[in-house]
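# Summary of structural features
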Amino acid sequence: MAFLEIRDVHKRFGPAHILRGISLDVELHQVVCLIGASGSGKSTLLRCINALEVIDGGVINLDGDRCSGQGIDVDALRQEIGIVFQSFNLFPHMTVLDNITLAPRKVLRLPAAEAEDRAMQLLTRIGLAEKAKDYPDRLSGGQQQRVAIVRALAMEPRLMLLDEITSALDPELVAEVLNIVRDLARDGMTMMLATHEMHFAKEVSSKVCFLHEGVILEEGPPEQIFGDPTEERTQAFLKRIIDAGRL
Amino acid sequence: MLTYRKAATASLLFPPAGIPAMYHSLEAGRLAREGDVEGARTAGGKARDWSWYAVGVGLTVYVIAFLLFILFNNHGAVRVVFFGWSILTNGKAWHSMLKGFWINIQVFFITEIIVLVWALVVAIVRLLPGKACRPIRMLATLYVDIFRGIPAILVVYLVGLGFLQAKVPLVGDLSDNQYVILALSLTYGAYVSEVYRAGIESVHWSQVAAARSLGLSYTQSLRHVVVPQAVRRVIPPLLNDFIGLQKDTAIISVIGVLDVVNRARFINNAKGTLAAYSMAALLFLAVTIPFTRWLEWLQKRSQNRMQGGH
């Protein structure tokens, strides 16, 4: 039994059938990369896993417990699963420190001092301790995204979902964000990431899934997907990426 | 070409700025004929600047002059009716007016505090999600529709006189002031709830997604993420509504409370002028203008602390 089991998941938005039967296993400490064109369903799949979207069919299990459909405690589920968004989504009316400590204080009911200690440790680790009292608009995009990652980590999730977290960043800021993800992977964090950074996907992932029109067309170790893809669509997708100079 | 020449000519209607404008425009013409293009442009620019002074300063001077003309025309009748000095310098009259105005201030402050809370409750109820909450959502919508649609003065009559006559349970035996507070709270609660609702809806859904994804409940997300951002955004329209409310406390006079308007009426009747109404107007201005400036300052401060966002 895998840590995260996704079985025949379907998702529709009105007439649009976005996910058309996705099945996928993620083992503990694995890093799974979702690649594919925009609109292929990568983001939707991630959002379904932590119940930001309600799935229309299939089942998702986390560590053996069903975590989709009716009757689940979404708030409890989301404590187990952290997500980081493309557009950071920091709370603009709170300082960096408050952004990070809000959920530990209000959801985990940690005392403020303890929550702040932990937040400062995390901020120190990513080199942003001196920004603790700043509001997010004083930070660069890369710094904001690092704070967003730390905000999710402060809940000590068992699974991290990263939804194209470098797509909104200027190129020179991408590396500082990816370095954190690299560290997390080294520390054994289980992660699923939707990404267009193919070099990075090749480097960190244990498994790469190519999504096309709502199905996983091909999955396998990165060497195989990037080196010797069997599906024609995958080959065509990767060729476009290579032609764009991104691989 | 040479538009500054026409502007300078028009500026002569206000000679203090028009004469320099004309001088520079002639200078520009001379320099242009001598072939000094750069000098001509500089002089033309100066002529344009002076023409703008003619508009900005000249218009102001003429408008003020016109107002003074009205004030002192007809042997100063306007001045006597609106600003009878004998009353404006009458200490007893001011004392009586201030006593009345104090009631307006009290009604304003209490109503404002009630409205700030009550309107937020209504707005949140109108935005409750799901099928189960539909009846209460509709009830809140009905309330807003009704009380936004009735003139405040009618609500004051209906609540202030009607509740007392009909001995309505819970609110059948209140003082006149309390009835007015109740009536104005009902009316302004409906208005302000719409302001809050617009503010809450303007907070991008991705903020809620971020809050919920951290495990915060719907209520916690509203409390800590959505409402604080919404309130900051609606301060300018709220301010507008509260200045309206501050002025509408004058409605209290229609059910016989001895507020500033009724006291002014008595003084006017005794002295045969309207000067006491001007006094009342000055009293309102003395509160609304500083109040506006203070809220603008508060808003600027909060903007400085939280620029941008989205």
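Look up a bit, the structure's there.
Per chain, residues are indexed from 1 in the order of the written sequence. Numbering of ligands from 1 and lettering of chains from A proceed in the order in which they are written. Only residues with pLDDT of at least 70 get local features here, since the model is predicted, and only at 80 or more are side-chain atom pairs given and counted; chain-wide, interface and lining totals rely on the full set of residues. Hydrogens and water are ignored here; the side-chain numbers use all heavy atoms of the structure.

### Points about the overall build of chain A
Every helix listed is a DSSP run of H or I at least four residues long, and every strand listed is a run of E at least two residues long, numbered separately from the N terminus. When helices and strands are tallied, chain A shows 9 helices and 10 strands. Its C-alpha atoms give chain A a radius of gyration of 18 Å, within 12% of the compact-globule value 18 Å for 247 residues. The principal-axis extents of the C-alpha atoms in chain A amount to approximately 55 × 45 × 35 Å. Within chain A, the fraction of its 247 residues that count as buried is 55%. Any two residues having at least one pair of non-hydrogen atoms within 4.5 Å are treated as being in contact. When contacts within chain A are restricted to residue pairs at least 6 apart in sequence, long-range pairs at least 24 apart make up 65% of them. Note that accessible areas follow from Shrake-Rupley with a 1.4 Å probe, and for residues the cover is restricted to the protein chains shown. Counting only carbon and sulfur atoms, one obtains 46% of the accessible surface of chain A, whose full area is about 10,500 Å². Charge assignment: positive for Lys and Arg, negative for Asp and Glu; neither His nor the chain ends contribute. Charge positions are represented by NZ for Lys, CZ for Arg, CG for Asp and CD for Glu. A gap of 4 Å separates the mean positions of the 27 positive and 36 negative side-chain charges of chain A. The reference for a compact globule is 2.2 Å times residues^0.38; the radius of gyration itself is calculated from the C-alpha atoms. Burial status follows relative accessibility: with a 1.4 Å probe on protein chains alone, a residue under 20% of its type maximum counts as buried, one over 50% as exposed, and anything between as partly exposed.

### Here we look at unusual backbone geometry
Residue and element names in this part refer to chain A. Here Asp8, not a glycine, exhibits a phi torsion of approximately 50 degrees, which is positive. When you line up the elements, Asp8 lands in strand E1 (residues 4–13). Even without glycine at this site, Phe88 takes up a positive phi of about 65 degrees. Residue placement: Phe88 occurs in the loop between strand E6 (81–84) and helix H3 (96–106). Residue classification places Phe88 among the buried positions, given a relative accessible area of 11%.

### Brief notes about the sheet that holds strand E3 (residues 31–35) of chain A
Strand pairing in a sheet takes place through backbone hydrogen bonds and is either antiparallel or parallel in direction. Residues and elements named next belong to chain A. Strand pairing requires that DSSP identify at least two bridges connecting the strands. Reading across from one edge, E6-E7-E8-E3-E9-E10 is the order of the 6 strands in this open sheet, with mixed pairing throughout. Strands with a single pairing partner mark the edges of an open sheet, and in this sheet they are E6 and strand E10 (215–220). Mean inter-strand twist for the sheet, computed between neighbouring axes without regard to direction, equals 20 degrees. All axes here are fitted lines through C-alpha atoms, helices being fitted over the stretch that makes contact, and every angle between N-to-C directions spans 0 to 180 degrees. Of the strands in this sheet, E3, E6, strand E7 (159–163), strand E8 (190–194) and strand E9 (207–212) touch helix H1 (residues 42–49), which is tilted by about 150 degrees from E7.

### Points about the packing of helix H8 (residues 176–202) of chain B against helix H11 (residues 235–248) of chain B
Residues and elements named next belong to chain B. Where H8 contacts H11, the two axes come as close as 10 Å, and the packing angle between them is 170 degrees. With respect to H11, the axis of H8 lies roughly antiparallel. Seen from above, H8 lies across H11 with right-handed handedness. For the pair H8 and H11, contact is made by Leu184, Tyr188, Tyr191, Val192, Val195 and Tyr196 and by Pro237, Leu238, Asp241, Gly244, Leu245 and Asp248, respectively. By the definition adopted for this analysis, an angle is roughly parallel if under 35 degrees, roughly antiparallel if over 145, roughly perpendicular if from 65 to 115, and oblique otherwise. What makes a crossing left-handed is the near helix being turned counterclockwise from the far one by less than a right angle; a clockwise turn instead makes it right-handed.

### Observations regarding the packing of helix H5 (residues 91–126) of chain B against helix H12 (residues 260–271) of chain B
Residues and elements named next belong to chain B. Across the interface, H5 lies against H12 with an axial gap of 7 Å and an inter-helix angle of 155 degrees. Relative to H12, the element H5 lies roughly antiparallel. Residue-level inspection shows Ala93, Ser96, Met97, Lys99, Gly100, Phe101 and Asn104 of H5 in contact with H12, the latter providing Val260, Arg263, Ala264 and Ile267. Think of it as three bins: nonpolar holds Ala, Val, Leu, Ile, Met, Phe, Trp, Tyr, Cys and Pro, charged holds Asp, Glu, Lys and Arg, and polar takes everything else, Gly as well. Its residues placed into classes, the contact of H5 with H12 shows 6 nonpolar, 3 polar and 2 charged.

### Things to note about the interface of chain A and chain B
Where interface size is quoted, it is often the accessible area lost as the parts come together. Taken together, the contact pairs 28 residues of chain A with 24 residues of chain B. Buried surface area refers to the total accessible area, computed with a probe of radius 1.4 Å, that the two partners give up upon joining, counted for both partners together. For the pair chain A and chain B, the summed buried surface comes to about 2,100 Å²; carbon and sulfur atoms form 59% of the total. Per-residue buried area on chain A facing chain B is highest for A:Phe91, A:Pro92 and A:His93; these three make up 26% of the total on that side. By definition here, a salt bridge exists when the distance from a side-chain nitrogen of Lys or Arg to a carboxyl oxygen of Asp or Glu is within 4 Å. With a closest N to O distance of 3.2 Å, B:Arg212 and A:Asp75 form a salt bridge.

### Things to note about the sheet that holds strand E4 (residues 57–62) of chain A
All names here are of chain A. Taken in spatial order, the 4 strands line up as E2-E1-E4-E5 in an open sheet, and their pairing is antiparallel. Both outer strands of the open sheet, strand E2 (16–26) and strand E5 (65–66), are each paired with one neighbouring strand and no more. Sheet topology places E1 next to E4; 5 bridges connect them, and they run antiparallel. The residue bridging Ile6 from the neighbouring strand is Ile60, located in E4. Packed on one face of the sheet, H1 meets E1, E2 and E4 and runs near 115 degrees to E1.

### Topic: the state of the cysteines
All names here are of chain A. By definition, disulfides here are pairs of cysteine sulfur atoms that lie within 2.5 Å. Tallied over the entire structure, the rule returns 0 disulfides over all chains. Cys67 supplies the cysteine sulfur nearest to Cys48, a cysteine that is in no disulfide, at a spacing of 11 Å. Using a relative accessible area of 2% as the deciding quantity, one classes Cys48 as buried.

### Structural notes on the pairing of E10(A)
Residue and element names in this part refer to chain A. With 5 bridges joining them, E9 and E10 adopt antiparallel strand pairing. Directly across from Val208, in E10, lies its bridge partner Gly220. Here E9 folds back onto E10, and the loop between the two strands holds 2 residues, one of which, Glu213, carries a positive phi near 50 degrees.

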